Amino acid sequence: MTAPAETPAATEDVPAPAVPPAAPAAVVACRGLVKAFGARTAVDGVGFSIARGETYGLLGPNGAGKTTTISMVCGLLAPDAGEVTVAGHPMAGAALAAKAAIGLVPQDVALYDDLTARENLRFFGKLQLLRGGSLGTRVDAVLDVVGLADRADDLLGTYSGGMKRRANIAAGLLHEPQLLVLDEPTVGVDPQSRNAILESVEALGAEGLSVLYTTHYMEEAERLCDRVGIIDEGRLVAEGTRRELITRVGAGDRIDVTGTGDLDAFTARVDALDGVLGTEARAGAVAIRVHDAPAALAPVVHAAEDTGVSVTGIEVVEPDLEDVFLHLTGKALRD
Amino acid sequence: MSTPALVIAGTELRRALRDRSLIITVVVGPIVLAAIISLALGSSSFEATIGVVDDDGSPLSSAFAAGLAGVDEDGLAFEAIDSVGAARRQVADGDVDAAIVVPSGFAASLAGTPAPLDVLTSSDAVIAGEVAQSVAGGFAARVDAGRLAAAATVLRGADAPSVDELAAIELPVTVDQRGTGDSVSPAAYFAPAMGLLFLFFAIGGIARSLLRERRTGVLDRMRVAPVTTTDILVGKAIFTFTAGLLGLLVIWAATHVALGADWGAPLGVVALIVAATLAITGIAGLIAAVAPTEQAADGLATGLALLFALVGGSFVPVEDLPDVFGALSLFSPNGLALRGFTELNSADASPVDVLPDVLALLAWAVVAGAVAARRLPHRLEAR
């Protein structure tokens, strides 16, 4: 019997193969979602995944397909094609288990005005199969989270709009879902209440809850979301972090220089600088697109000095998702 | 029975009991209306005084008038009046409800062209006028029978009997007011009639609320829970049936206690109430299934409520309507139920007598419910 060949041991000259980091488990994965209503295709091949603890934004204008998409994710609408998996359960085959992981906050206040907040929450809690002491405990807990504990026994019809919205969120949290789905929760809400809602969502995300948040407000997506999917006319046109999206489309920062003097010469000098993507002359000003505004600021100022331009104002404008959307779709996010 | 369905039904019931307008619509309104109608129509038994004027004075007419004077039936009396003028005055003044006049020369006219009997009536006592007409017609028929007998005698070659000889033949005038028992006190008739009418009004609100919950996302919130669309619909149906049943039972009890209304044998009454409520529950689902908007649901429910009430006899008993309504009422849940309640008040009525009406109402429930069960899930799930 011969001895087995020895396995060559790793040495300092031969690095051990790198082990890729474990991908975070997705709480939601959807692929190739299609939904048509008659001749109109509302959602056309949308797919994305949301990792545990991630806040994912679906950003798009009205009619883009956001609500239809999340309806399919929540199992409220059967897709014509594609599949949805929530917490490892396929929506098509194990809908009840998949839905049990979802907390939905609809766009309208989906509660009864003629019941108190507590009664509303107890009703929906019972539908989520909460009972007895655990039901009472969860109701009290979510009322605390949204700051409505002291008004819990007042009829919802006596609440302000903002308070109703908070109660709306509370109902989605009752059964401690793995994924909270919010469909444009700040539409029609006053600024103070809107801020309160956003703070609540931020806090929930910070606690590790996965969130799917749809909106047509760029600033909400930028504030809340780890990643954003831009949706337009039923298609997911781009996806990534804010910085990735901006970089991907090459939007770049913008430096607006206002001044007097030979602006043409200044513009020509700036065009030749490294990192400058382009310039645009305006009345008494020059808009300069650059890769990185902080790095380009000093050379731009020097260029002004060299060409004798007297600078009266400099403004650095970072691109936002609105710019990304405009770049990708050719239209504004909001009318 | 699924727990979610019971949870939904229980919450709906709590909301309904908190909604005073619904309680007024389903319970208070019908009781008040039944009481008002009952007071307006008074006793269910028929009472009339009919005057008799014997202007002829012949043995024939005297026998007729004397015979009527001897009538002693509950609520029906005949009173001799001296003259036609006095009879007209008394009918106009309401001292008598109608009057029969045997004109002067009546008996003598039988040998040739008989003079007609006159019946004086008042628009304030239509039924009494009908009774007087009937009595006069009965007497006229008997007289005609006598004339035919006389003519036959002549044809055989015998002498025709004289008027006095004819009059000597006793033609007993009898008036029998036979009660078939098909009379229901106004309270016992209009209490269920109004109850069913108002329940139909209420189902518009129930159908509207279902469509509103679809619009506002409440249904979506339920459906994201471990709750099926079937659970939701069953829960809503349980609530609708329970609310309707409680409403009608309360009306039954209240009108029995407060107005002395006797709806009939309890078993039959319960069977009719349950069947009618099931029918109305099915129709509520049908309305929610076909109405495109909440406002349309309201309009459809109101329209059906009025249509079924009109043809079913909720406002005017079917027997007092043109004959065609008798057939039409069979297609109305109101008509079927009221027919059953009327039958329960018949002499020797038993609960089994209302079985055809109960089965017809259950057919309404099955058909309407089947259409609703088929269409509603798609409507509620559609975007």
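Residues numbered from 1 in each chain as written. Chains lettered and ligands numbered in written order. Predicted model: local features only at pLDDT ≥ 70, side-chain atom pairs only at ≥ 80, totals over all residues.

**Observations regarding the overall build of chain B**
Then, number 1: When its secondary structure is counted, chain B shows 15 helices and four strands.
Then, number 2: Considering chain B as a whole, with its 383 residues, one finds that 45% of them fall into the buried category. (Helix = DSSP H or I, 4+ residues; strand = E, 2+ residues; numbered from the N terminus. Buried ≥ 20, exposed ≤ 12 C-beta atoms within 10 Å, placed from the backbone.)

**Some remarks on the overall build of chain A**
Then, number 1: A tally of helices and strands in chain A yields 11 helices and 14 strands.
Then, number 2: Computed over C-alpha atoms, the radius of gyration of chain A comes to 26 Å, more than 25% over the 20 Å expected from 2.2 N^0.38 for 335 residues, which places it beyond the range of a compact globule.
Then, number 3: Expressed as lengths along the three principal axes of its C-alpha atoms, the size of chain A is roughly 90 × 80 × 45 Å.
Then, number 4: Here chain A, with 335 residues, has 44% of them falling under the buried criterion.
Then, number 5: Of all intrachain contacts in chain A linking residues separated by at least 6 positions in sequence, the fraction that spans at least 24 positions is 69%. (Rg over C-alpha atoms; globule rule 2.2 N^0.38 Å. Contact = placed C-beta atoms within 7 Å.)

**Section: the environment of methionine 218 of chain A**
All names here are of chain A.
Then, number 1: Counting through the fold element by element, methionine 218 comes out in helix α7 (residues 218–224).
Then, number 2: Taking the number of C-beta atoms within 10 Å as the measure of exposure, methionine 218 has 20 and is therefore buried.
Then, number 3: Sequence separation between methionine 218 and aspartate 154 is 64 residues; the distance between their C-alpha atoms is 35 Å.

**Section: unusual backbone geometry**
Residue and element names in this part refer to chain A.
Then, number 1: Even without being a glycine, alanine 87 presents a positive backbone phi close to 50 degrees.
Then, number 2: Here the phi dihedral of glutamate 184 falls at roughly 45 degrees; this positive angle occurs in a residue that is not glycine.
Then, number 3: By secondary structure assignment, the location of glutamate 184 is in the loop between β7 (179–183) and α6 (191–206).

**Quick word on the confidence of the model for chain A**
Then, number 1: A residue-level look at chain A finds 91% of positions with pLDDT of 70 or above and a mean pLDDT of 87.
Then, number 2: A low-confidence stretch, residues 1–23 of chain A stays under pLDDT 50, and its non-local contacts, those more than four residues away or across chains, total one contact. (pLDDT = per-residue confidence, 0-100.)

**Section: the sheet that holds strand β3 (residues 98–102) of chain B**
Strand pairing in a sheet relies on backbone hydrogen bonds, with the paired strands running either antiparallel or parallel.
Residue and element names in this part refer to chain B.
Then, number 1: Spatial ordering of the open sheet is given by β2-β1-β3-β4, a layout of four strands whose pairing is mixed. The sheet is open, and its two edges are formed by β2 (76–81) and β4 (118–121), each paired on a single side. The average undirected angle you get between the axes of adjacent strands in this sheet is 20 degrees.
Then, number 2: On the sheet, helix α4 (residues 84–93) packs against β1 (48–54), β2, β3 and β4 and is oriented at approximately 165 degrees with respect to β3.
Then, number 3: Contacts between helix α6 (residues 126–155) and the sheet are confined to β1, β3 and β4, with β3 contributing the most and set at about 25 degrees to the helix. (Pairing = 2+ DSSP bridges. Axes fitted to C-alpha atoms, helices over the stretch in contact; angles between N-to-C directions.)

**Description of the sheet that holds strand β9 (residues 227–232) of chain A**
Residues and elements named next belong to chain A.
Then, number 1: Pairing is mixed across the open sheet formed by six strands, whose spatial order is β6-β7-β8-β3-β9-β10. Each end of this open sheet is capped by a strand with a single partner; those strands are β6 (102–105) and β10 (235–240). On average, adjacent strands in this sheet sit at an angle of 15 degrees to one another, irrespective of strand direction.
Then, number 2: Across four bridges, strand β3 (residues 55–59) lies against β9 in parallel orientation. Looking across to β9, one finds that glycine 57 is bridged to valine 228.
Then, number 3: In the packing of helix α5 (residues 161–173) onto the sheet, contacts are made with β6 and β7, and the angle to β6 comes to roughly 165 degrees.
Then, number 4: Relative to the sheet, helix α11 (residues 321–329) contacts β3, β9 and β10, its axis offset from that of β9 by approximately 40 degrees.

**Quick word on the interface of chain B and chain A**
Then, number 1: Taken together, the 18 residues of chain B in the interface contact 25 residues of chain A.
Then, number 2: Per-element tally for the side of chain B that touches chain A: the top contributor is helix α9 (residues 218–224) of chain B, with six residues.
Then, number 3: Of the residues contributing to the side of chain B that touches chain A, the split by class is eight nonpolar, three polar and seven charged. (Nonpolar A, V, L, I, M, F, W, Y, C, P; charged D, E, K, R; others polar.)

**With respect to the packing of helix α10 (residues 229–259) of chain B against helix α11 (residues 266–290) of chain B**
All names here are of chain B.
Then, number 1: For the pair α10 and α11, the least separation of the axes is 9 Å and the interaxial angle reads 140 degrees. One element, α10, and the other, α11, form an angle in the oblique class. Like other packed secondary-structure pairs, α10 and α11 cross with a definite hand, here right-handed. Where α10 approaches α11, its residues Ala237, Thr240, Phe241, Gly244, Leu245, Leu248, Leu249 and Trp252 are matched on the opposing element by Val269, Ile273, Val274, Thr277, Leu278, Ile280, Thr281, Ala284 and Gly285.
Then, number 2: Counted by class, the contact of α10 with α11 contains 12 nonpolar, five polar and no charged residues. (Parallel < 35°, antiparallel > 145°, perpendicular 65-115°, else oblique. Left-handed = near helix turned anticlockwise from the far one by under 90°.)

**Describing the domain arrangement of chain A**
Put simply, an interface is often sized by how much accessible area is lost when its parts join up.
Then, number 1: Looking at chain A, the domain boundaries give domain 1 (26–247) and domain 2 (252–318).
Then, number 2: Taking only C-alpha atoms into account, the centre of domain 1 of chain A sits 44 Å from that of domain 2 of chain A. (Domains from an automatic or database assignment.)

**Overview of the nonpolar core**
Then, number 1: If you look at the biggest cluster of nonpolar residues, it comprises 163 residues, and the most contacted ones within it are Val181 and Leu212 of chain A together with Ile203, Ala207, Ile287 and Ala288 of chain B.
Then, number 2: Apart from residues lying up to four places away in sequence, leucine 212 of chain A is in contact with Val28, Ile50, Tyr56, Leu58, Ile70, Val73, Leu179 and Val181 of chain A.
Then, number 3: By size, the runner-up hydrophobic cluster in this structure holds 30 residues, among which are Val53, Ala107, Leu110 and Val143 of chain B. (Core = buried A, V, L, I, M, F, W, Y, C linked by C-beta atoms within 7 Å.)

**Notes on α5 of chain A**
Then, number 1: Taking 1.5 Å per residue as the helical rise, α5 of chain A with its 13 residues ought to reach 18 Å, and the 19 Å between its terminal C-alpha atoms agrees with that figure.
Then, number 2: Of all the 13 residues making up α5 of chain A, 11 are buried; the element is thus mostly covered by neighbouring parts of the structure.
Then, number 3: All of the buried residues in α5 of chain A are Met163, Lys164, Arg165, Arg166, Ala167, Asn168, Ile169, Ala170, Ala171, Gly172 and Leu173 of chain A.
Then, number 4: The secondary structure elements touched by the buried residues of α5 of chain A are β6, α3 (117–127), α4 (132–145), β7 and α6 of chain A together with α9 of chain B. (Expected span 1.5 Å × (residues − 1).)

**Some words on the confidence of the model for chain B**
Detailed reading of predicted coordinates is not advised where the pLDDT is low.
All names here are of chain B.
Then, number 1: Mean pLDDT over chain B works out to 85, with 90% of the residues at or above the 70 mark.
Then, number 2: Per-element averaging of pLDDT across chain B places helix α7 (residues 163–168) at the bottom with 61 and α11 at the top with 94.
Then, number 3: Across the assembled chains, the prediction reports ipTM 0.77 with pTM 0.72.

**A short note on the domain arrangement of chain B**
Then, number 1: Here chain B is described as being made up of domain 1 (3–42 + 183–381) and domain 2 (48–168).
Then, number 2: On a C-alpha basis, the centres of domain 1 of chain B and domain 2 of chain B stand 50 Å from each other.

**What about the packing of α3 of chain A against α4 of chain A?**
Residues and elements named next belong to chain A.
Then, number 1: For the pair α3 and α4, the least separation of the axes is 10 Å and the interaxial angle reads 125 degrees. Overall, the two elements α3 and α4 adopt an arrangement that is oblique. Classified by chirality, the crossing of α4 by α3 is right-handed. For the pair α3 and α4, contact is made by Ala117, Arg118, Leu121, Arg122, Gly125 and Lys126 and by Leu135, Arg138, Val139, Val142 and Leu143, respectively.
Then, number 2: By residue class, the composition of the contact of α3 with α4 is six nonpolar, one polar and four charged.

**Structural notes on the pairing of β7 of chain A**
Then, number 1: Of all five residues that make up β7 of chain A, five are buried, and the element is covered over most of its length.
Then, number 2: With respect to chirality, the unit in which β7 of chain A leads through α6 of chain A into the neighbouring parallel strand β8 (residues 210–215) of chain A is right-handed. (Right-handed = clockwise from strand over helix to strand, strands pointing away.)

**Regarding the environment of glutamate 322 of chain A**
Then, number 1: Looking at where glutamate 322 of chain A falls in the secondary structure, it is placed in helix α11.
Then, number 2: Looking at glutamate 322 of chain A, the number of C-beta atoms within 10 Å reads 18, which means it is partly exposed.

**Looking at the pairing of strand β4 (residues 81–86) of chain A**
Residue and element names in this part refer to chain A.
Then, number 1: Here strand β1 (residues 26–37) pairs with β4 via five bridges, running antiparallel. For valine 34, the partnering residue across the bridge sits in β4 and is alanine 81.
Then, number 2: Direction of pairing for β4 relative to strand β5 (residues 89–90): antiparallel, over a ladder of two bridges. Within β5, the position partnered with valine 86 by the bridge is histidine 89.
Then, number 3: A loop of two residues connects β4 with β5, the two strands running antiparallel in sequence, and alanine 87 in this loop sits at a positive phi of about 50 degrees.

**Brief notes about α11 of chain A**
Residue and element names in this part refer to chain A.
Then, number 1: Of all the positions in α11, only Leu321, Val324 and Phe325 are classed as buried. Buried residues of α11, seen end-on, are gathered within an arc of 95 degrees and therefore sit on one face of the element.
Then, number 2: Immediately downstream of α11, the backbone of glycine 330 shows phi near 80 degrees, a positive value. (Arc of directions from axis to C-beta.)

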